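One letter stands for each residue in the lines below.
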Amino acid sequence: MSAAPPSDPSRPPTPRHPLVTVLSLLFILLGVLIGGLGLWLFQLGGSAYYLLAGVGLLASGVLLWGNRRMGAWLFFAVFAGTFLWTAWESGSDYWRWLPRIGAFAVLAFVLALLLPTLRDPVPRRASRTAAGVLGLGLLLLVGLAFASHGGMTGREAFPEAVPSAGLAPTREVSAQPADDPAAGDWTAWGRSNAGTRFSPLQQITPANVAKLAPAWAFRTGDRPRRRWGAETTPLKVGDTLYLCSARNQLIALDAGTGTLRWRFDPKVRDTAIPSTTACRGVAYYEVPVAPQIDPLLSDVAADLAVPVALPAEGGGVVSTASRAPCVARIIEGTLDGRLVAVDATSGRPCAQFGNNGQVDITLGMGEVVPGQVAIIAPPTITRGLIIAGHQGLQRADGSAPSGVIQAFDAQSGKLRWAWDLGAPELTTRPAQGKTYTPGTPRLLATATSDEQLGLVYLTLGDATGAEGRERVATALVALDATTGKPAWTLQALPGDASNDDVVAQASLVDYPTAAGKVPALVLPTRQGDLYVLDRRTGQRLDSPAVAPAATQPRAHTLDERDMWGLTPLDQLVCRIQFRRAAQAGADARIAYPGQHGGVDWGGVAVDPRHGVIVSNYTDLPDYLRKGAEADSGLTGWLSGAPFSGYGAQASAGDNWRGNAGWRLLFTGLSCKQPPYGGLRAVELRSGAVLWERPFGSARGIGPFGLRSHLPIEIGAPNAGGAVITASGLIFIAAANDDLLRAIDLKTGKELWRAPLPAGGQATPMIYQHGGRQYVVIVAAGHHAMGTPRGDYVLAYALPQ
């Protein structure tokens with residue numbers, strides 16, 4: 001490089017290039033902001049880098065305003081220091097490099113091109129060489145985003161299948177199709193009342209899944225304009241699919257063609273919709289009758305329209321050819337707090353059930369504002385009883401109707417028992433003028449049940465009232481299905497104030513121990529723990545060394561280095577918020593994982609042959625402030641104010657309110673670095689992680705509420721669950737990138753994907769009909785995740 005000619009004091013100053021003017025003003029502004037905020041961060045105990053970088057940027061901007069080359073050298077010194085600091089703080093973690101280096105690299109590239117225009121110019125060749133090097137570095141930095149980051153595969157050998165020691169629940173008595181589905185059916189929300197989401201079908205394999213193609217499509221016609229998010233998983237029994245639309249329309253489809261067989265609309269009003277128009281599914285019930293029945297009695301029963309049913313081959317019961325109406329029935333809970341029963345063949349209401357096919361579960365709850373009592377998860381039917389709980393909105397004062405659990409006769413709809421934890425002696429409806437205890441924990445997911453043990457397992461949320469907060473809030477409770485009396489309780493997080501509800505369905509397995517198989521259940525939580533319990537007693541079967549972190553990557557808690565953003569300034573603001581929350585007595589705190597984090601309502605899928613569970617999770621924190629309302633402007637930007645979309649305002653009790661997903665008010669990006677979601681396979685016996693990978697692309701993620709549509713496997717927020725087939729495939733949608741994927745169970749490698757016309761925030765289901773295996777997903781979108789709304793029921797199969 002040749003030396004620049006010495007400046008001549010008598011020569012008039014070189015005119016400042018307009019872009020130099022822009023850069024100098026930008027550097028001065030950034031210097032003031034980064035330096036000032038960096039001083040605040042340093043006083044809070046954070047990194048001193050931002051204070052030093054801000055001073056350097058300010059000085060660089062002032063010198064560049066004078067068109068001095070020293071201003072450029074000073075900026076490059078700041079850039080070099082930033083590079084070294086990033087290497088020290090971030091190591092090889094790509095997602096930490098991007099916001100720290102990216103914006104400075106762009107500014108350095110522009111400044112390098114302007115070096116020949118300064119008062120003491122740098123030769124053009126040297127300027128272009130420097131810009132070329134910086135440009136190549138930028139391309140490399142951006143290009144690496146399309147590579148895989150954070151994937152951990154093959155850490156443990158995949159276990160061999162051991163049928164004799166498998167985890168499948170044993171069945172001595174088959175009571176209902178939901179307890180022991182036929183191989184080609186899907187008879188309950190989790191395929192069976194055990195909630196394993198495992199199909200024994202093997203026609204679609206890792207070797208041929210790439211040939212999977214659309215088989216049929218159906219549109220429900222129910223597309224809410226606001227708060228959409230159907231979350232539906234259909235059932236398949238015999239030759240028919242049964243499902244509900246977003247606003248509880250019941251629909252039956254031909255399993256081979258997807259054509260409509262019948263529809264029933266319970267007329268749910270929009271005013272009754274809680275936070276989301278979600279109907280996750282329906283329940284199927286067949287009225288059992290003793291198989292040995294006198295022919296004369298059978299004739300009498302037929303004359304009286306009494307249902308008669310016989311045992312079916314392979315489990316469950318099947319109606320006689322001339323069965324009376326409502327021998328087989330579809331039962332759903334509605335968003336306005338009703339149980340509805342219709343005939344499975346015709347869709348007509350079952351007149352003998354409640355009041356012409358309907359039961360009001362809000363009786364005894366006192367005043368109920370529309371939206372406060374909503375049945376979103378499908379009810380569980382065990383021992384002839386419909387176990388019903390509900391979700392819903394709170395009142396403005398934080399109160400809510402009782403979370404009472406009720407059991408109704410599946411044939412007549414009559415109340416058989418009620419469990420009000422605030423008044424355990426009350427087993428029926430309250431006396432006139434009285435109500436069930438307000439504000440008690442509510443049932444947040446579909447219950448699982450063990451027909452043989454006569455127990456039903458409920459996952460409960462937080463309490464909005466004082467009653468029960470210390471006893472069964474955020475807990476798993478086993479109730480005697482016949483009496484409603486508690487058998488045992490596991491409280492996952494006593495005294496919860498971070499909205500860490502136990503929201504996932506428990507899954508039933510038979511767990512191998514040295515003493516033989518033990519009837520067990522697996523409970524995943526938001527906190528990242530995986531509990532394995534004797535489902536008879538609630539005693540833990542796993543060791544403390546195995547249980548933690550089996551479903552969520554919690555190798556470390558959040559620290560300042562995990563803060564992220566589009567630019568260094570965003571990251572700095574997030575660091576300040578982080579340090580503020582870490583101060584003793586602060587009015588802010590961080591809940592990690594947050595209310596959408598950990599394993600959500602989709603639960604886990606269990607492969608009983610290999611003893612492997614698969615869970616998808618969202619890895620996002622919440623930023624909570626005590627007594628906070630929605631701030632705006634600079635104050636909100638610096639304090640972690642709430643915003644719209646997936647980070648909607650969250651309440652966590654004790655007047656703590658905040659930002660779900662912890663996103664910046666301006667850009668809408670999370671303060672936590674990616675990945676935001678993952679998929680993990682765990683060997684249940686040992687707790688060993690078999691593989692883990694980021695799950696979900698950046699197609700649905702972007703700044704300012706925009707969807708980037710970039711095919712970058714960043715790990716995305718997700719809602720919904722996975723299913724497993726005996727052939728070794730995982731099918732899952734869930735992520736906010738509108739894709740249905742097939743993943744190899746043994747390796748975690750993606751083998752197939754299909755774009756969806758709307759968000760796939762639901763759990764798929766698998767069935768077989770006419771010798772053909774199908775994969776079905778309901779693509780209805782979800783307002784809270786920013787995915788497009790729709791009303792699609794989509795089926796995929798191998799070409800015929």
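Regarding its fold elements, the protein chain presents eight helices and 38 strands. Expressed as a percentage of its 800 residues, the buried residues of the protein chain come to 60%. Considering only residue pairs separated by 6 or more positions, the protein chain has 63% of its internal contacts joining residues 24 or more positions apart. Put simply, the protein chain shows about 30000 Å² of open surface, and 58% of that area lies on carbon and sulfur atoms.

Once that is clear, we can look at the sheet that holds strand β6 (residues 260-264). Spatially, the four strands line up as an open sheet ordered β3-β4-β5-β6, and their pairing is antiparallel. The open sheet is flanked by β3 (235-237) and β6, the only strands paired with a single partner. Taking the axes of each pair of neighbouring strands and ignoring which way they run, one obtains an average angle of 20° across the sheet.

Let us look at the sheet that holds strand β19 (residues 475-480). The strand order across the open sheet formed by four strands is β17-β18-β19-β20, and the pairing between neighbours is antiparallel. Across the chains shown, the open sheet's two edge strands, defined by having one partner strand only, are β17 (448-450) and β20 (486-491). Between one strand and the next, the sheet's axes are offset by a mean angle of 15°, whatever the strand orientation. Both β17 and strand β18 (residues 455-459) contribute to a ladder of three bridges, which runs antiparallel. In the sheet register, Asp450 faces β18, and the bridge partner there is Leu455.

All right, on to the packing of aromatic side chains then. Enumeration according to the criterion identifies 17 aromatic pairs in this entry. Ring centres of Phe75 and Phe76 lie 6.1 Å apart, and the angle between their planes is 65°; this geometry places the pair in the edge-to-face category. Accessibility assignment for this pair places Phe75 and Phe76 in one class, buried. Here Arg16 stacks its cationic end above the ring of Trp65, 3.9 Å away from the centre of that ring.

This part covers helix α7 (residues 568-582). The end-to-end C-alpha distance of α7, which contains 15 residues, comes to 21 Å, matching closely the 21 Å that a straight helix rising 1.5 Å per residue would cover. For α7, the tally of buried residues reaches 13 of 15 residues, placing the bulk of the element in the interior.

So, about the state of the cysteines. Here the structure, examined in full by the defined rule, presents three disulfides. For Cys244, the disulfide goes to Cys279, at an S-S distance of 2.1 Å. Disulfide Cys244-Cys279: torsion about the S-S bond near -105°, hence left-handed. Of this pair, Cys244 sits in strand β4 (residues 240-244) while Cys279 is found in the loop between β6 and β7 (283-286), placing the two residues 35 residues apart along the sequence. Judged on exposure class, the residue Cys244 and its partner Cys279 are both buried. Between the sulfur atoms of Cys574 and its disulfide partner Cys671 the distance amounts to 2.0 Å. Sign of the S-S torsion, about -75° for the bond between Cys574 and Cys671, identifies this disulfide as left-handed.

Along an α-helix, a turn takes 3.6 residues, which lines up residues three or four apart on a common side. Look at helix α2 (residues 49-65): 24 Å from first C-alpha to last across 17 residues, which is about the 24 Å you get at 1.5 Å a residue. Restricting attention to buried positions, one finds in α2 the residues Tyr49, Tyr50, Ala53, Gly54, Gly56, Leu57, Ser60, Gly61 and Leu64. Looking straight down α2, one finds that the buried residues subtend no more than 165° of arc, so they occupy a single side. Exposed and oriented more than 90 degrees from the buried face of α2 are Leu52, Val55 and Val62. Looking at the buried side of α2, the elements it contacts are α1 (18-43), α3 (69-90), α4 (94-114) and α7. Just downstream of α2 lies Asn67, where phi reads positive at about 60°.

The next point concerns the confidence of the model for the protein chain. Scored by pLDDT, the protein chain comes out at a mean of 85, with 84% of its residues at no less than 70. Counting contacts from residues 292-321, a segment whose pLDDT is below 50, to residues more than four positions away or on other chains yields 43 contacts. In this model residues 544-555 is a low-confidence stretch, pLDDT under 50, and it forms 42 contacts with partners more than four residues away in sequence or in other chains.

This brings us to unusual backbone geometry. Apart from glycine, the bulk of residues carry a negative phi angle, and the bulk of peptide bonds sit in the trans form. In this model, Tyr592 is joined to Pro593 through a cis peptide bond whose omega is -5°. Note that Pro593 resides in the loop between β24 (588-591) and β25 (604-607). At Asn248, a residue that is not glycine, the phi angle is positive and equals roughly 75°. The topology assignment puts Asn248 in the loop between β4 and β5 (250-254). Residue classification places Asn248 among the buried positions, given a relative accessible area of 0%. If you check the backbone angles, Lys267 has positive phi at about 60° while not being a glycine. Assignment of secondary structure puts Lys267 in the loop between β6 and β7. The class for Lys267 is exposed, based on a relative accessible area of 61%.

Thresholds applied
- Residues numbered from 1 in each chain as written.
- Predicted model: local features only at pLDDT ≥ 70, side-chain atom pairs only at ≥ 80, totals over all residues.
- Heavy atoms only, no water.
- Helix = DSSP H or I, 4+ residues; strand = E, 2+ residues; numbered from the N terminus.
- Buried < 20%, exposed > 50% of the residue type's maximum accessible area, 1.4 Å probe, protein only.
- Contact = heavy atoms within 4.5 Å.
- Areas by Shrake-Rupley, 256 points an atom, 1.4 Å probe, with all protein chains shown as cover.
- Pairing = 2+ DSSP bridges.
- Axes fitted to C-alpha atoms, helices over the stretch in contact; angles between N-to-C directions.
- Phe/Tyr/Trp six-rings, centres within 6.5 Å; stacked < 30°, edge-to-face > 60°.
- Lys NZ or Arg CZ within 6 Å of the ring centre and 35° of its normal.
- Expected span 1.5 Å × (residues − 1).
- Disulfide = S-S within 2.5 Å.
- Arc of directions from axis to C-beta.
- pLDDT = per-residue confidence, 0-100.

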